[in-house]
Amino acid sequence: MLHLYDTATREVRELALRERGKVGIYLCGPTVYGPPHIGHGRATLVYDILRRYLESTGLEVRLVSNVTDIDDKIIERAQREQRPWTDITGKCERVWFEAMEGINVKRPADVPHATEYVERMVEMIGELIAGGNAYTTDDGIYMSVETVEGYGLLAQQSLDDMRSGGGEREVFGAGLKRHPADFVLWKFSKPGEPAWPAPWGEGRPGWHSECVVMSLDLLGEGFDLHCGGQDLRFPHHENERAQAVALGRRFANHWMHNGFVVDVEGEKMSKSLGNVSNLLDLIDRYDPRAYRMVLLQSHYRSPMTITADTLDAAVKSLAGLDAFVARSESATHHGTPPDTAVMAEFAAAMEDDLDTPRATALLFDTVRHANAALDAGDDAAPSLVAAARRIADTFGL
């Protein structure tokens, strides 16, 4: 059985499925106001590899990943460039999926857009107000975190230690909050800004509400796994969880977060730091599989450094793998079963908190053994070849 580190319980535990044979996964997707960077690439690749592995075991996987197509940063760019905000979101979403296709990430089963769910978000916010979990100020509706039992679970902090954070989205209305960790659910619109109707006044939803509505609508209560980058753990995911708790809705059963991509100086890779590598530029200069290979050789929870050296080494590894595939094309036949010992070791690595470094080392060990068996005319060659190719296919290489 697959065991993954759960951010909520702070332990590696079994991914217990709500429904036998099926896995429901929610992955926080892009805010479409600029090109995807390699940090985005890591998040999508980690969960693409997880999805491929789960599917290889015979499970039916429904992966939902949203698109945030209304946000302060989108509005700011539209105003700066004097363009309709929908032009920016439309173009950036196309670029996003072009990049995802370039790195061979399978498209999610569902791609809900925030703007499609505003009416349902209004309904949810109304429930939070009615339940005494939200309050109105002169610039918006805020969630009162002090009304939520266990707030801070994912942040691993007590409520008294909380401070608002997480970027410009959390600074909104800071002086009007009852508690520093309170967050905006609804922002009243300013002249010239996109707006939707609501009983308390026209405006737009805050960032933290969309995924609550989308995940519960498409995956249902108690869905199996909620995932994303480590930077989303707090405040975004904590604030999603808070709304579900306040509503009495069972939310994600398991929380999974991947580590940061860092540059050579060890800084977190993000747009705000200005040290961003455009993902499309990277895959234009390198074999797109090279980034996937570098990622496979790093544990998903660990920080990962991307340099020209690591990418060049990955390209060389891929060249060896490609040579093996070409050489072994006629060495096995369709239906040849893979070596059972190799596949058992592969499963053991993957089910131990998605230990892809160990599984990748096994892949190249199996390639070496398969090449030696081919050289010797050993009867074991076809099953070793089949095992190596099965692992490579599962990894999306």
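Everything below is about the structure shown above.
The sections below set out a description of the structure shown in this document.

## Here we look at helix α11 (residues 340-350)
Taken together, the buried positions of α11 are occupied by Val-342, Met-343, Phe-346, Ala-349 and Met-350. Seen from one end, α11 has its buried residues packed into an arc of 120°, which puts them on one side. Counted as exposed and oriented over 90 degrees from the buried face of α11: Thr-340 and Ala-341.

## Section: the environment of Leu-4
With respect to the secondary-structure elements, Leu-4 resides in strand β1 (residues 3-6). Along the chain, Leu-4 and Asp-353 lie 349 residues apart, while their C-alpha atoms are 4.2 Å from each other. Contact partners of Leu-4, with chain neighbours within four places excluded, come to Glu-11, Val-12, Arg-13, Leu-15, Leu-225, His-254, Met-256, Tyr-300, Asp-353 and Leu-354.

## A closer look at the packing of aromatic side chains
Geometrically, a pair of aromatic rings is defined through the distance of the ring centres and the angle of the planes. What the rule picks out here adds up to 7 aromatic pairs. Centre to centre, the rings of Tyr-53 and Phe-346 are 5.9 Å apart; their planes meet at 75°, and the pair counts as edge-to-face. Residue Tyr-53 is found in helix α1 (residues 38-56), and its partner Phe-346 is found in helix α11; the two are separated by 293 residues along the sequence. Both residues of the pair, Tyr-53 and Phe-346, belong to the buried class. Ring geometry for Trp-186 against Trp-200: centres 6.2 Å apart, planes inclined by 80°, an arrangement best described as edge-to-face. Within this pair, whereas Trp-186 is found in strand β7 (residues 183-188), its partner Trp-200 is found in the loop between β7 and β8 (203-205), the two being separated by 14 residues in sequence. Note on Trp-186: relative accessible area 0%, which makes it buried. Linked through ring pairs, Tyr-53, Phe-346 and Phe-395 together constitute an aromatic cluster. The ring of Phe-97 is capped by Arg-107, whose NZ or CZ atom sits 4.0 Å from the centre of that ring. Just above the ring of Tyr-135 sits the side chain of Arg-178; from NZ or CZ to the centre is 3.9 Å.

About the thresholds
Residue numbers here run from 1 along each chain, matching the order of that chain's written sequence. pLDDT decides what is reported in this predicted model: residues at 70 or higher carry local features, side-chain atom pairs at 80 or more are listed and counted, and totals for whole chains, interfaces and linings draw on all residues regardless. With hydrogens and water stripped out, all remaining heavy atoms of the structure feed into the side-chain values. In this scheme, a residue with accessible area under 20% of its type's maximum is buried, one over 50% is exposed, and one in between is partly exposed, where area comes from a 1.4 Å probe on protein chains only. In this text, helices come from DSSP runs of H or I with a minimum length of four residues, and strands from runs of E with a minimum of two, each type numbered from the N-terminal end. The reported arc concerns the directions from the helix axis to the C-beta atoms and nothing else. In this description, contact between two residues means that some pair of their heavy atoms is separated by no more than 4.5 Å. Side-chain rings of Phe, Tyr and Trp (the six-membered ring for Trp) are treated as a pair once their centres are within 6.5 Å; stacked means planes under 30 degrees apart, edge-to-face means over 60, and tilted covers the remaining angles. In this scheme, the term charge over a ring applies when either NZ of a lysine or CZ of an arginine sits within 6 Å of the ring centre and within 35 degrees of the ring normal.

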